[in-house]
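Residue strings, one per chain:
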Amino acid sequence: KKCARTPPKHSWQHTSKCTLSRTLGPTLVPDNDMSMTLLHVEGMTCKKCVRRVEKALMAVPGVRVAAVDLEAGTAEVHGEASVAAMVAALEEGGYPAKERETGFVTLQVDDMTCRKCIGRVEKILMAVTGVSAARVDLDAGTAHVEGVGDTGTMIAALAEGGYPAREMQPESANLIEIDSPPVRTLKVEGMTCKKCVGRVEKALMTVPGVSAARVNLDAGTAEVEGTASLQAMVATLEEGGYPAGEFAPHNANLIEIDVPSVRTLQVEGMTCKKCVGRVEKALLTVAGVTAARVDLDAGTAEVEGTASLQAMVATLEEGGYPAGEFAPHNANLIEIDVPSVRTLQVEGMTCKKCVGRVEKALLTVAGVT
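Our subject in this report is the structure included herewith. (Residues numbered from 1 in each chain as written. Predicted model: local features only at pLDDT ≥ 70, side-chain atom pairs only at ≥ 80, totals over all residues. Heavy atoms only, no water.)

1. A closer look at a nonpolar patch on the surface
On the surface, a nonpolar cluster with roughly 660 Å² of combined accessible area is contributed by Leu344, Val346, Met349, Val355, Leu362, Leu363, Val365 and Val368. One can find Val365 in the segment after helix H10 (352-363). Judged by its relative accessible area of 43%, Val365 falls in the partly exposed class. (Patch = residues over 30% accessible without salt bridge, like charges linked within 9 Å, V, L, I, M, F, W, Y side chains within 5 Å. Areas by Shrake-Rupley, 256 points an atom, 1.4 Å probe, with all protein chains shown as cover. Salt bridge = Lys/Arg side-chain N within 4 Å of Asp/Glu carboxyl O. Helix = DSSP H or I, 4+ residues; strand = E, 2+ residues; numbered from the N terminus. Buried < 20%, exposed > 50% of the residue type's maximum accessible area, 1.4 Å probe, protein only.)

Given below as structure tokens:
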């Protein structure tokens with residue numbers, strides 16, 4: 001029977017959506033919290049094979065959604081069933097199968113301007129068969145995609161949605177010209193907040209010859225890589241309202257710029273991909289955190305930057321996720337406590353009665369034990 005559902009706006013969505021409707025009815029759709037498995041299925045030659053494969057998969061306990069792509073020879077399955085159970089069911093029906101390994105791809109996406117664009121791009125990518133996760137970085141103009149989806153299909157889907165895209169080649173990002181001068185550090189005045197940091201970095205990146213720019217707000221400096229002249233960079237910054245000059249190494253205010261340190265946290269209470277997003281978002285709000293990656297299976301968060309452990313733990317616990325520093329040798333949480341003992345210098349005590357009064361007064365303070 002033909003699917004009675006009206007074809008969606010994008011032709012690339014039609015096959016998987018219609019297959020889901022035919023198999024399960026129009027009301028059952030994959031839940032974001034359900035795991036997705038893509039199987040490579042052999043021996044399918046016609047639409048009857050498609051129906052047999054879908055029927056066999058739906059009979060496996062734990063399978064919630066099954067969508068078969070005859071041309072690709074694949075079956076996308078959502079639910080909690082094991083791969084072994086699904087493969088056994090298909091082979092029993094005469095269709096040898098095996099799981100396709102998940103991969104990662106980073107796409108450069110053009111024309112994203114706001115948070116709504118982030119949502120649209122992620123929604124488009126998640127609709128592509130085989131994509132299990134998509135995370136967009138608006139500032140970098142990139143989309144990190146996980147799954148077994150075809151890269152060409154993803155690029156075509158984004159282009160149809162109004163976002164031209166192309167696959168990034170990681171190896172090309174590290175190319176450095178042999179004649180490139182050493183890194184140059186500028187002293188920049190007038191920076192007061194993170195918005196200033198973004199404006200200064202953006203202004204420097206517009207200067208011909210600049211390949212990278214990193215601003216240290218606390219130090220009031222900008223570290224610049226590339227072949228641009230000092231005069232061109234200073235002129236651009238001063239035009240934007242930020243007086244600048246070359247940083248003198250003998251200056252007493254010299255602050256060494258180090259690569260951000262990496263810290264691993266043990267995070268409790270995470271149960272799904274939504275939790276992953278909440279934890280990463282919470283960590284990125286902590287001053288000094290430059291990157292955060294969560295491993296749901298391991299229950300850990302790898303954090304880059306200069307933020308203190310106490311600040312990160314406090315932020316996560318405020319959001320309902322108890323956390324502590326990860327100890328590789330025993331995987332136990334290390335509790336972060338306020339120091340148990342403090343010493344105060346107290347004036348005006350002249351006798352034992354003073355001693356009693358001071359001790360009594362201190363014990364009325366909340367938190368004193």
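2. Overview of the packing of helix H2 (residues 47-58) against helix H3 (residues 83-92)
Contact geometry for H2 and H3: axes closest at 9 Å, N-to-C directions at 135 degrees. The orientation of H2 relative to H3 falls into the category oblique. Crossing geometry of H2 relative to H3 is assigned as right-handed. Side by side, H2 and H3 meet where Val53, Ala56 and Leu57 of the first sit next to Met86, Ala89 and Leu90 of the second. Class assignment for the residues of the contact of H2 with H3 results in six nonpolar, no polar and no charged. (Axes fitted to C-alpha atoms, helices over the stretch in contact; angles between N-to-C directions. Parallel < 35°, antiparallel > 145°, perpendicular 65-115°, else oblique. Left-handed = near helix turned anticlockwise from the far one by under 90°. Contact = heavy atoms within 4.5 Å. Nonpolar A, V, L, I, M, F, W, Y, C, P; charged D, E, K, R; others polar.)

3. Description of the sheet that holds strand S3 (residues 74-79)
Pairing in this open sheet of four strands is antiparallel, and the strands run S2-S3-S1-S4 from one edge to the other. Both edges of this open sheet fall to strand S2 (63-69) and strand S4 (97-99), since each of them pairs with a single strand only. Here the strands of the sheet are splayed against their neighbours by 25 degrees on average, with no regard to which way each runs. The sheet contact formed by strand S1 (residues 35-41) and S3 spans six bridges and is antiparallel. Paired with Ser35 across the two strands is Gly79, which belongs to S3. Where H2 meets the sheet, it contacts S1, S2 and S3, and its direction lies at approximately 160 degrees from that of S2. Contacts from H3 reach S1, S2, S3 and S4 within the one sheet, and its direction differs from that of S1 by about 35 degrees. (Pairing = 2+ DSSP bridges.)

4. Examining the environment of Asp69
Mapped onto the secondary structure, Asp69 falls in strand S2. Along the primary structure Asp69 and Thr129 are separated by 60 residues, whereas in three dimensions their C-alpha atoms are 9.0 Å apart. The contacts of Asp69, once residues within four sequence positions are left out, are Met44 and Thr74.

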